[in-house]
Amino acid sequence: MHRFPPKQQAQIASEVIEYVVARGGPATVVLVNGSGGPIEGWYKIFAPLAGFATVFAYNRPGVGGSSRPVVPQTGSHMVASLRAVLLAASLPPPYVLVGHSLGGLIVNLFARLHPSETTAVVLIEASSPSDVATLRRYENAPQRALAFLVERIAPPHPNAETRHAETSASELQAAPAFPPVPLTVITGGKPAMAWATADKAIALRAEHQKELASLSPLSKHVIAARSAHFPQFTEPELVIDAVREAVNPAMHATREDARA
């Protein structure tokens, strides 16, 4: 496994946030994991990205060496916390924001609240506010039983981000429009746990991915044909190429010219 730079910590209000930085280029790429995902979840793409950009990754409260969540981990709180730790790490904006799963919801909200700090966005199998609002309706009996078992055996912390996903989705829906910045949406071509998921839920999530890809006039929807929910594991080169394109202003201009 790739060896990451030494982990550092920042005191952000009442929470301690653990992070790593590799300073490899003028553009700053910010990696935002899905729920419960650690820094190490980027091990296949971190070093290659650092070959052409400065790369930041972090553990949100409750993960790794970060403190437990002291306050409810809503979208707005997580955006504010991320901005604060970036400044503590001496990484001023603007940023190329890369979000996986629930991390995609966070960077989606970040870009809307702070468009002047956002150069480009890459969403990897990202959660949509529509996912949070509708997909639970189509959970089958085994999925509900598993959720009940997890709740009984290892219940999430009351302030955990999964406890406040609906609030985060509502905040996103109430936020300003997504800015007209380059946006790449990467969707796995093999729906995760399709054998145990209702056809309606699979179809709805596919529609939600298309909705994400329509947020910007400078958007691109990429299907990671060999991947399910973790293209950064199964097709890392595809993800690296998407971030490289987001970092490269010349590629941005080419995309914009093609849409003119």
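As shown above, the structure is provided for reference.
Caption draft 1: Quick look at the nonpolar core. Membership of the largest hydrophobic core comes to 36 residues, with the highest contact counts inside it found for Tyr19, Val30, Phe56, Leu82, Val85, Val121 and Leu123. Counting residues per element, this core draws most heavily on helix α3 (residues 102-113), which supplies seven residues. Core analysis: the second largest hydrophobic core is formed by 30 residues, Ala22, Ala50, Val55 and Val239 among them.

Caption draft 2: Region of the structure containing the sheet that holds strand β1 (residues 8-12). Read across the sheet, eight strands follow the order β1-β2-β4-β3-β5-β6-β7-β8 without closing on themselves; strand pairing throughout is mixed. Of all the strands in the sheet, just β1 and β8 (219-224) have a single pairing partner and so form its edges. Pairwise comparison of adjacent strand axes, ignoring direction, gives a mean angle of 20° for this sheet. Relative to strand β2 (residues 15-22), β1 runs antiparallel, the two being bridged by five bridges. Bridge assignment links Ile12 to a residue of β2, and that residue is Glu15. Sheet strands touched by helix α2 (residues 75-88): β1, β2, β3 (28-32), β4 (54-59) and β5 (95-100). Its angle to β1, the strand with the most contacts, is close to 125°. Packing against the sheet, α3 makes contact with β3, β5 and β6 (118-124), and its axis sits at approximately 150° to β5.

Caption draft 3: Focus on the side chain of Asp131. Mapped onto the elements of the fold, Asp131 is located in helix α4 (residues 129-134). In this structure Asp131 comes out as buried when scored by relative accessible area, which is 9%. At a separation of 2.6 Å, a polar atom in the side chain of Asp131 contacts the side chain of His208.

Caption draft 4: Focus on the pairing of β3. With five of five residues buried, β3 is to be regarded as a mostly interior element. Pairing of β3 with β4 involves four bridges; the strand directions are parallel. Among the inter-strand pairings, Val29 is bridged to a residue of β4, identified as Val55. Bridging between β3 and β5 involves four bridges; their strand directions are parallel. Across the sheet, the residue bridging to Leu31 is Val98, located in β5.

Caption draft 5: Structural view of unusual backbone geometry. Along the chain, Pro93 connects to Pro94 via a cis peptide bond; the corresponding omega equals 10°. Summarising the element assignment, Pro94 is placed in the loop between α2 and β5. Positive phi, close to 60°, is recorded for Ser90, a residue that is not glycine. Summarising the element assignment, Ser90 is placed in the loop between α2 and β5. Notably, Glu125 is not glycine yet its phi reads approximately 45°, a positive angle. Counting through the fold element by element, Glu125 comes out in the loop between β6 and α4. The class of Glu125 is buried, set by a relative accessible area of 5%.

Caption draft 6: The environment of Ala27, seen in detail. Position of Ala27 relative to the elements: it lies in the loop between β2 and β3. For the pair Ala27 and Pro94, spaced 67 residues apart in sequence, the C-alpha to C-alpha distance is 8.0 Å. Residues in contact with Ala27, not counting those within four places in the same chain, are Ala53, Thr54 and Val247.

Caption draft 7: The arrangement of α3 in detail. Across its 12 residues, α3 extends 17 Å between first and last C-alpha, which sits within 8% of the 16 Å expected from 1.5 Å per residue. Among the 12 residues in α3, 11 count as buried, and that is most of the element. Among all positions in α3, only Leu102, Gly103, Gly104, Leu105, Ile106, Val107, Asn108, Leu109, Phe110, Ala111 and Arg112 are buried.

Caption draft 8: Fine view of the pattern of salt bridges. A complete count under the given rule lists nine salt bridges for this structure. When the shortest N-O distance is used, the salt bridge between Glu161 and Arg60 registers 2.8 Å. A residue pair is termed long-range when its members are at least 10 positions apart, and Glu161 in the loop between α5 (141-153) and α6 (165-174) and Arg60 in the loop between β4 and α2 qualify at 101 residues. Its relative accessible area of 8% is what places Glu161 among the buried residues. Its relative accessible area of 5% is what places Arg60 among the buried residues. Across the pair Arg205 and Asp131 runs a salt bridge whose closest N-O atoms are separated by 3.8 Å. A residue pair is termed long-range when its members are at least 10 positions apart, and Arg205 in helix α7 (residues 199-213) and Asp131 in helix α4 qualify at 74 residues. Each of Glu125, Asp131 and Arg205 takes part in salt bridges that share partners, so that together they form one network.

Thresholds, definitions, all that
- Residues numbered from 1 in each chain as written.
- Predicted model: local features only at pLDDT ≥ 70, side-chain atom pairs only at ≥ 80, totals over all residues.
- Heavy atoms only, no water.
- Core = buried A, V, L, I, M, F, W, Y, C linked by side-chain atoms within 4.5 Å.
- Buried < 20%, exposed > 50% of the residue type's maximum accessible area, 1.4 Å probe, protein only.
- Helix = DSSP H or I, 4+ residues; strand = E, 2+ residues; numbered from the N terminus.
- Pairing = 2+ DSSP bridges.
- Axes fitted to C-alpha atoms, helices over the stretch in contact; angles between N-to-C directions.
- Contact = heavy atoms within 4.5 Å.
- Polar contact = N/O pair within 3.5 Å; in protein donor to acceptor, adjacent residues only side chain to side chain.
- Expected span 1.5 Å × (residues − 1).
- Salt bridge = Lys/Arg side-chain N within 4 Å of Asp/Glu carboxyl O.

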